Amino acid sequence: MKYSIGIDLGGTFIKFGAVGEDGSILRKAKIPTPQGCGYEETVDAIAGRIGALAAEMGAPCAVGVGCPGVIDGARGFVVTGGNLLWENKPFAGDLSRTAGVPVCVCNDANAAAYGEYACGAGKRFSSMVLLTLGTGVGSGIVFGGKLFTGECGAGAEIGHTVLHGGGELCSCGRRGCFEAYASASALIRRTREAMICHPESRMWELCRGSADLADGRTAFDGMRLGDGAAIAVVEAYLDDLAEGIANVVNAFRPAAVILGGGISAEGEALTLPLQKRVDAIILGHGAYAPAAILPARLGNDAGLVGAALLAKEGS
Ligand SMILES: [Zn+2]
């Protein structure tokens, strides 16, 4: 059977998928990311799992790995590995030698974008941008079937474009980045701040009296109960998200902007008001070359599928 292996290398788990040529997932597995271990141990652990899948299903055509951080896919290097704390590692070459199969490596958000483009919400569009609203804002840009990653794979970092100069401190060290306002973490921060300012808010009952239990759903659930403080949180969040999306649309004019991450489960409660706001502020007001705003479809599997398909194309 012809298949490729897609790997999503995260700080907590390493997820593996045997992916068919049409993007369907044939098998899935997950191991905890080795903690406190060096680079070589992690390469060995991944190679071991690839070997187990190959023993079960036959040799894969290729292996693709989506990694956090700055990835130079052309050279197969992890330049900076985000929370993996790797620096300048020839990861694709090392894993390929250890596992005995061709390996390609790319940024995890780019892999997810390619997955959504090939098999998910972006399938019917010739161009799209994926924004993943999670701990940060991950982004991937696909035009004409190709990922745009910038020189040496260091670009397409939309989360680190500034929305409010001098604003909230971002993980990158700059102030006011899009991700400091539009990530799930930012929404949760804004929800907690609103709860503390509004002891009467019904968000307190949704969180059983503890602001620590607020999550990315709390403000949306409060809004559905008609709670004023929750409505204000959601409106302010949507305003910031819309400004950031409008920047993306003005810069790239993709046919679709796909939203991933847990918040995308809000579906049209998120995308319809965003579409209205974005259409009102983009150049030309969305009448010419409209950009559809849609929730992602592949959920946590987007990275696996995208990494496997990118590897298959590169092999
Ligand atoms: Zn930043």
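Residues numbered from 1 in each chain as written. Predicted model: local features only at pLDDT ≥ 70, side-chain atom pairs only at ≥ 80, totals over all residues. Heavy atoms only, no water.

### Section: the sheet that holds strand β10 (residues 137-143)
Part 1: Across the sheet, which stays open at both edges, the five strands sit in the order β11-β10-β9-β12-β13 with mixed pairing between neighbours. The sheet terminates laterally at β11 (146-148) and β13 (292-295), the two strands that pair on one side only. If you compare each strand with its neighbour and ignore which way they point, the axes differ by 25 degrees on average.
Part 2: Note: strand β9 (residues 127-133) against β10, seven bridges, orientation antiparallel. Paired with Leu131 across the two strands is Ser139, which belongs to β10.
Part 3: Across the face of the sheet, helix α3 (residues 108-119) comes into contact with β9, β10 and β11 while running at roughly 50 degrees to β10. (Pairing = 2+ DSSP bridges. Helix = DSSP H or I, 4+ residues; strand = E, 2+ residues; numbered from the N terminus. Axes fitted to C-alpha atoms, helices over the stretch in contact; angles between N-to-C directions. Contact = heavy atoms within 4.5 Å.)

### Here's the deal with the sheet that holds strand β3 (residues 25-32)
Part 1: An order of β3-β2-β1-β4-β8 is seen for the five strands of this open sheet, with the pairing classed as mixed. Sheet topology places β3 and β8 (103-107) at the edges, where each strand pairs with a single neighbour. On average, each strand axis in the sheet is inclined to that of its neighbour by 20 degrees, with strand direction left out of account.
Part 2: Of the strand pairs in this sheet, strand β1 (residues 3-9) and strand β2 (residues 13-20) are connected by seven bridges, and their pairing is antiparallel. Residue pairing across strands places Asp8 opposite Lys15, the latter belonging to β2.
Part 3: Contacting β1, β2, β3 and β4 (63-67), helix α1 (residues 39-57) crosses the sheet at an angle of about 150 degrees to β1.
Part 4: Where helix α2 (residues 91-99) meets the sheet, its contacts fall on β1, β4 and β8, and the angle it forms with β8 comes to roughly 145 degrees.

### Section: the packing of helix α8 (residues 228-252) against helix α9 (residues 268-281)
Part 1: Between α8 and α9, the shortest axis-to-axis distance is 9 Å and the interhelical angle comes to 55 degrees. With respect to their mutual orientation, α8 and α9 come out oblique. When you trace α8 past α9, the crossing you get is right-handed. Across the interface between the two elements, Glu235, Leu238, Asp239, Leu241, Ala242, Glu243, Ile245, Ala246 and Val249 from α8 touch Leu270, Pro273, Leu274, Arg277, Val278 and Ile281 from α9.
Part 2: Its residues assigned to classes, the contact of α8 with α9 shows eleven nonpolar, no polar and four charged. (Parallel < 35°, antiparallel > 145°, perpendicular 65-115°, else oblique. Left-handed = near helix turned anticlockwise from the far one by under 90°. Nonpolar A, V, L, I, M, F, W, Y, C, P; charged D, E, K, R; others polar.)

### What about the packing of aromatic side chains?
Part 1: The final tally for this structure, using the stated rule, is five aromatic pairs.
Part 2: Considering the side-chain rings of Phe148 and Phe252, the 6.4 Å spacing of their centres and the 50 degrees angle between planes classify their relative orientation as tilted. Note that Phe148 is positioned in strand β11 and Phe252 in helix α8, a separation of 104 residues in sequence.
Part 3: Members of the aromatic cluster, each reached through a chain of ring pairs, are Tyr39, Trp86 and Phe91.
Part 4: A cation over a ring is seen here: Lys30 above Phe13, with NZ or CZ 4.2 Å from the ring centre.
Part 5: Between Arg75 and the ring centre of Phe77, over which it is positioned, the NZ or CZ distance is 4.1 Å. (Phe/Tyr/Trp six-rings, centres within 6.5 Å; stacked < 30°, edge-to-face > 60°. Lys NZ or Arg CZ within 6 Å of the ring centre and 35° of its normal.)

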